[in-house]
Structure formats: structure tokens, C-alpha cells
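# Structural features, examined
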Number of protein chains: 2
Amino acid sequence: MTEGQPRLRAAASGLLAQRGIRVEENELVITTGSQQAIDLTARSILNEGDLVAVERPTYVAALQAFDLNSPRYVSIPVDQEGGQVQKLLEFASSGTLPKLVYLVPNFANPSGACLSLERRVWLARFAVQHGVFVLEDDPYGELRLHGSPLPSIYEIARSTPGAEKWCAYLTTLSKTMSPGLRIGALAGPEQFIDKITLLKQAADLHTSSFNQEVAARYLEGDRLQGRLDLIRREYRERQNCLIDEITSAFGSAMSLLTPEGGMFLWGRFRDGTDTRELLKHAIAAGVIYVPGDCFYVEQPDRSAIRLNFSAAPPEVIRLGVARLKYAHERYLSAFNGSGSSERRLELLGQRVLARVQRST
Amino acid sequence: MTEGQPRLRAAASGLLAQRGIRVEENELVITTGSQQAIDLTARSILNEGDLVAVERPTYVAALQAFDLNSPRYVSIPVDQEGGQVQKLLEFASSGTLPKLVYLVPNFANPSGACLSLERRVWLARFAVQHGVFVLEDDPYGELRLHGSPLPSIYEIARSTPGAEKWCAYLTTLSKTMSPGLRIGALAGPEQFIDKITLLKQAADLHTSSFNQEVAARYLEGDRLQGRLDLIRREYRERQNCLIDEITSAFGSAMSLLTPEGGMFLWGRFRDGTDTRELLKHAIAAGVIYVPGDCFYVEQPDRSAIRLNFSAAPPEVIRLGVARLKYAHERYLSAFNGSGSSERRLELLGQRVLARVQRST
């Protein structure tokens, strides 16, 4: 059946209950990874020209799904406490109230930031007061490496009168059990879930029943907790290693948001390094990262950089940072004088052009 | 990667080659079942109000995917030789040339009809002459139970100058290996496949890598041929059984299209039986079918019925037809006099209304 096999829906309800989220059977749909849930939510809510609020920076693949409905965007700046959601009040008063707010409250991709409790409560209230739908995407919540878990916006909305109609909660097994299974779970108000189910039928009939069975048995066997303990221990070590290495390699030249969990460090070169230009040197040196400018819907920060710490063990992280440091030196020297004069001119030209583009 | 794992794409190319279809690597994308390919094709080609040509009757779930793009429809009547595609010429001259033609040339769902070679050649030529895109959906081609395979429209288009840009070919492992895996394969011109891949990234990032690996190994091991031999032998017996039983139960009261393969028999009650009304009696008698009226985009035939022969062995088919016969008798007697007079009046009212609706 399109909404998911009863066995997996029961197991997924159990998983959500462990996070403090109670859902009825008709408030949950199994999706082909969380990406499908984002796509279907966009298709169910957005018409051409509708406003979507996303974090600044935000998750790129969500933008890809939203883009297909030709919306307009407003963006919510992110600081150490997550998205500055109170900005939504400014949007409301300036006539740019979004129809949909999309955010990753726990250890966002790419910022790593965690939305504070105060902001979660505020957002749930704002949603019902202004009739704005909130899609809370939580792939990384179980990857908390420091501090205590916070309640989901969805859960808070459940105890905020009227707000439960305006919030949906999305999670996935991709960051904990296996990305290859493509199993997501979307919880929300019944009418919304009904609409999503109808759209899902047109999109892929149903999620692989084979994978649903595998996932259900895995969750029932309670093997996830043991795996999470292992992942968290390993990721904590890797995160510490990456922070130490980056700090000692770049010092004050790079500012870092230090996250309490997740998979990413979000940095910014204070020296104005263009991370897309730096990437060419990095690839030549044998290391890659995601340049920060792709995570913005407007005015991209070309000095931002997303560094992943989950994919490699400490010794490889150390090697990677050494290579990044070397690449950065090559980048600077190409710009500052030790490269050929033609190359210097080319780089100077690119930087000037980039600056001009940024300021227009 | 979004377009599919190299190993499965190679195995899928091999499968297509066995059907006489040669594709380059950049002309193939793995999809999450064929339903996703239909949805993505619709999203890539259709804008609101665009015309889509479908068979009459046509596959319901394809309509669900098309509907999301708010198109208009024209329909191509189906006879024993498949869709009467030459009707497209009338559409062209009356200003209703479709942008997309969707059809299931081999043992269509629900009609079971197989498009003749002449019509395939005609359609490939028409596509390039009029700039109409053809999506050839072939889930059942391997389920040929009688006669010899015909070349695909896609293959014919390859040897029709210019036509290769206007045809795509879709198949799936759902009707042969396993429906639960959700593995489809879509072949088409490179630009089209590029666009589909981009849309797929937004729709679900990629198809389950686990399932792709399972499917690739299965296809490499050449286990499919043995399974197909088994399926064909079994389905042939079931099809013969269903035809015999229906013919002896209903005689000339039901006309049948007798297909050369696939999973369905398509019938029509000549006595004007309303198959949606009959369904209530059928369910009460312990048998179900799909009433034919849902397979139409306009002027549904309420006396049509889709009967499945693939899902049950002969003894169950015999029981099912006996129950259907009983249900039909109950339906007729409720209408003709042995039911209560209130019930007779209700049924009479429904039939009159239905006839009026059909004629307007």
C-alpha cells in the first residue's frame, strides 16, 4: 500500500515515540527516502510564485525539489542557535509572509547549527498565528554528540493550540541505518498525509516493500540503539579531530560554527578566500569539500566551506586538512606572486569579477 | 549516483539488447519503478493545458501522474491491433495535436491488446514528422504467451531518420523479477535522459542502491530467463482457463479481447450490465475485479470489466468465475424482478441516470 507497510509504520511510530513524538496511524507515511517527502510536500503545498522560507545557508537538495514548483524564496539567517526564525515577523509585516517554512533544526546541513528551544516554541506559535506550514526535516537528530536533545517543533506544536495542523516532521534511516535503503518517514496532520499519499501513488506507487520489510525487522530488533552508540562515539572523535586540525592549520583565518552533532563543520575564510576557486587547488592536492556558495538562495557567501567529518577516520581527516592547507597556500601564492604573472592576472580578474557580481 | 549504479545500468542494457534495443550509457536511467519514470516524463514534458494522447482504455496510474501537471487529454481507441494511432492525424488536422503520446504496446493494461507492426512503424514516422514525443511503456513485453515478439517503437524509431529524438522506452522488473524491488529502466535521447536525471535527483536522489545491487546480480546470473519460462507456462494455462470459463459462463453476453500475453482479459457485457453496480454483488459473492470505467479519460464504458488471470491458479480462477456468474445473476434478478420493488426502482433509476450521463 502507498502509505507504507503496516509493520514498518508501526516500527517507525515506535522510533518517533522514543524521540517523544506520538503519531496515530493515519498521521504517518513511509517515503522513498526523505528527499521524496520534501518533493511531495513541495508539490502538495506550493504553487508558482509562492514564498518559501529556508535557512541561510540551507540544504541544497531541498531547494532542488522546491525549485520545480517555481516558488520565490526568503531566507532566515543562521547563528549558533540555529535559524533566526523571529525574522519571519519582519517578512509578515513587509508582505513577504512565506507559505512554507523548511528547516533542519538539529545539526543542519550545512551549518551544523541546532535550533534553540526558545526559537522552536516561537516558531510553533508563529505557524498557527500566521497560517504558515512548517516542514521540520530531522535526518541528524540521533547524531547528537554533545548536550541534551531538544523536543521537536512537531511535538511542541502538539501542545500549542491549533499548531498541530501547521507542522510536519520528517526523518529518515539514511543517516543511521543505511542510506541505500531509501526509507523516510513523514508525520503530519491527517489531511496533509492523505494528500501526500495520493501524490506518492502517482510518484512511485509505493516504497520498495522488500526494503520496508528489512527496515521493520531491523527496528523491531532494537539494533539501531547499539549502532547509534557506535556511530556517536566514532563521530565525536572525528569531529574533535577535524576541529583541532582546522584550528591549528588555519587559526584565525577561518571562523567555525562548532556543532553539537551531525556530520558537518561549517567554516568561513576570514581572509576572503574564494572557496570555489580554492576547490581547484584542493582537487589537485587530493582533497575535496563542498564550496559554501551553493547553500544559498540569494547573496551566496563565496568564502564559506562545508567540511564533512563523518566519512573518514581521524588519520584520513588529518591528511585531508594537511592537503587543504597546502591547497590554500597554493591558492594564496597563485594570487600573491609566486605563480606566473599570467596566472596571477587571471586570478585577479576572477576575484574582481566575482566581487562585482556579488555587489550587484 | 542519480542515474543508477553502473553495474545495474550495464545489466539493464544487456536486458534491453536481448529485446533488440541498443542503448548507450548516457541514454539510460534507472528509476524507482516504472511509475517514477512516468511521473518524471510528465514533469519534464508537460505544462498546464498541454495535450496528452492515451489509449482508450489506458493505464490508470499513468493518468494519475499526468493529472498532476493539469494536462488535457485526447484518446486513441483500441482494437485487436492495439491503439488506432492513425487517429493522431485527425487530431493534428483538428488542432488537437498532442505533445506527448503515452501507450503500452505489448498486452496493454487493461486491454491486453498488442500494437501491430504497421502501427508501430506509422507512429515512429508520425512522431518525427509532427514533433510529438512518444513514451512507450513496456512492462509486459516478456509476458508473451502466443505468437512472435514485435520490435519496439523505440527500436523502429532508431532506424527512422530523426525519430530517435522523439521516442523513449520504459520497462520494469516488477512484472518479471519482483514488484517489491521498485526497479525501472528508462531509455531515451540523451538530452531527455539528462533532464529526467535532474528531476530524479529532486524526486528521490537515487533508487535504493541495495535493490540495484540485488537486481544487477540477478540479471547477471541470467536467472530471469528460467523464471520467464516458468511464468509464461503458468500464465498461458491460467489465461486459457479464464477464457474458457468466461466463455462458457457468459457466452455471447460478454465480448472479450483475447490477448497474446500480459496479465489481463478485457471484457464488455453486451447486455448493458453496469460493472460498477455488479461489483457490489461480486464482492458479496467473494470475487473482485476492476470495473472498466476507471480506465478512460472521457466517456467511460460502464459495461467494461478487467479480469486478471496472472494472480491465481486455474482452480481458483474457476471458483472466481463461478462466483462472478452468480453475482451477475443476482445483479440481473435484482434488476428484473426477484428483488424487492424498492431495490428494483433504485437500480432502474441508476441505470437510466447512467445512460443519460453516457449520452451527454
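Coordinates for the structure precede this section.
Reference entry: report on the structure contained in this document. (Residues numbered from 1 in each chain as written. Chains lettered and ligands numbered in written order. Predicted model: local features only at pLDDT ≥ 70, side-chain atom pairs only at ≥ 80, totals over all residues. Heavy atoms only, no water.)

### Some words on the sheet that holds strand β10 (residues 264-269) of chain A
All names here are of chain A. Reading across from one edge, β9-β10-β12-β11 is the order of the four strands in this open sheet, with antiparallel pairing throughout. Strands with a single pairing partner mark the edges of an open sheet, and in this sheet they are β9 (254-257) and β11 (290-291). Bridging between β11 and strand β12 (residues 304-308) involves two bridges; their strand directions are antiparallel. Each bridged residue has a counterpart across the sheet, and for Pro291 the counterpart in β12 is Ile305. Its contacts with the sheet place helix α9 (residues 223-250) against β9, β10 and β12, and it is angled at close to 160 degrees to β9. (Pairing = 2+ DSSP bridges. Helix = DSSP H or I, 4+ residues; strand = E, 2+ residues; numbered from the N terminus. Contact = heavy atoms within 4.5 Å. Axes fitted to C-alpha atoms, helices over the stretch in contact; angles between N-to-C directions.)

### Some points on the packing of helix α2 (residues 33-45) of chain A against helix α7 (residues 190-204) of chain A
Residue and element names in this part refer to chain A. Two elements in contact, α2 and α7, have axes whose closest approach is 9 Å; the angle formed by their N-to-C orientations is 110 degrees. Comparing the axis directions of α2 and α7 gives the class roughly perpendicular. Along this stretch, α2 crosses α7, giving a crossing that reads as right-handed. Contacts between α2 and α7 involve Gln36, Leu40, Thr41, Arg43, Ser44 and Ile45 from the first element and Phe192, Lys195, Ile196, Leu199, Lys200, Ala203 and Asp204 from the second. (Parallel < 35°, antiparallel > 145°, perpendicular 65-115°, else oblique. Left-handed = near helix turned anticlockwise from the far one by under 90°.)

### Things to note about helix α8 (residues 209-220) of chain A
For α8(A), spanning twelve residues, the distance from its first C-alpha to its last is 16 Å, which sits close to the expected 16 Å at 1.5 Å a residue. Buried residues along α8(A) sit in contact with α1 (6-18), β1 (28-31) and α9 of chain A together with α8 (209-220) of chain B. The first or second residue beyond α8(A) is Asp222(A), which carries a positive phi of 60 degrees. (Expected span 1.5 Å × (residues − 1).)

### Details of the interface of chain A and chain B
If you look at the interface, chain A gives 27 residues, while chain B gives 27 residues. Where chain A abuts chain B, roughly 2100 Å² becomes buried across the two surfaces, and 56% of that area is made up of carbon and sulfur atoms. Together, Arg43(A), Arg182(A) and Ala202(A) form the three largest contributors to the area buried by chain A at its contact with chain B, with a combined 24%. Our count for the chain A to chain B interface comes out at two salt bridges. For Arg43(A), the salt bridge identified is with Asp39(B), shortest N-O distance 2.9 Å. For the interface between chain A and chain B, the tally reads 19 residue pairs in polar contact (both at pLDDT 80 or more). Looking at the side of chain A that touches chain B, the elements that each hand over two or more residues are α2, α3 (60-67), α7 and α8 of chain A. The biggest single contributor to the side of chain A that touches chain B is α7(A), with five residues. Per-class residue counts for the side of chain A that touches chain B are twelve nonpolar, eleven polar and four charged. (Buried area = accessible area lost by both parts, 1.4 Å probe. Salt bridge = Lys/Arg side-chain N within 4 Å of Asp/Glu carboxyl O. Polar contact = N/O pair within 3.5 Å; in protein donor to acceptor, adjacent residues only side chain to side chain. Nonpolar A, V, L, I, M, F, W, Y, C, P; charged D, E, K, R; others polar.)

### Overview of the layout of surface pockets
Any space left empty among the atoms is revealed by the rolling of a water-sized probe across them. Space inside the largest pocket adds up to approximately 670 Å³. Leu68(A), Asn69(A), Leu46(B), Leu68(B) and Asn69(B) are the residues nearest the centre of the largest pocket, which is lined by 18 residues in total. Looking at the lining of the largest pocket, the elements that each hand over two or more residues are α2 (33-45) and α7 (190-204) of chain B. In terms of residue class, the lining of the largest pocket is made up of six nonpolar, seven polar and five charged. (1 Å grid on protein atoms, 1.4 Å probe; cavity = no way out; pocket = protein on both sides within 12 Å on 5 of 7 lines; lining within 4 Å. Points joined across faces, edges and corners; volume = space filled by probe spheres on them.)

### Here's the deal with the sheet that holds strand β2 (residues 51-56) of chain A
With mixed pairing, the eight strands of this open sheet are ordered in space as β1-β8-β7-β6-β5-β2-β3-β4 (chain A). Only two strands of the sheet have a single partner each, and these edge strands are β1 and β4 (82-83) of chain A.

### Observations regarding the packing of aromatic side chains
Summed over all chains, the structure comprises 17 aromatic pairs over all chains. Between Tyr140(B) and Phe264(B) the ring centres are 6.0 Å apart and the planes differ by 85 degrees, which places this aromatic pair in the edge-to-face class. Taken together, the residues span a long stretch of sequence, with Tyr140(B) in the loop between β6 (133-137) and α6 (153-158) and Phe264(B) in strand β10 (residues 264-269) at a distance of 124 residues. Of the residues examined, Phe264(B) reaches a relative accessible area of 4% and is grouped as buried. Aromatic side chains Trp266(B) and Tyr296(B) sit 6.3 Å apart centroid to centroid with 45 degrees between the ring planes, which places their arrangement in the tilted category. Taken together, the positions of Trp266(B) in strand β10 and Tyr296(B) in the loop between β11 (290-291) and β12 (304-308) put the pair 30 residues apart, joining distant regions of the chain. In textbook terms, an aromatic cluster arises when at least three aromatic residues are bridged by ring pairs, as seen for Trp266(A), Phe295(A) and Tyr296(A). (Phe/Tyr/Trp six-rings, centres within 6.5 Å; stacked < 30°, edge-to-face > 60°. Buried < 20%, exposed > 50% of the residue type's maximum accessible area, 1.4 Å probe, protein only.)

These results come straight from atomic positions and should not be treated as a statement about function.
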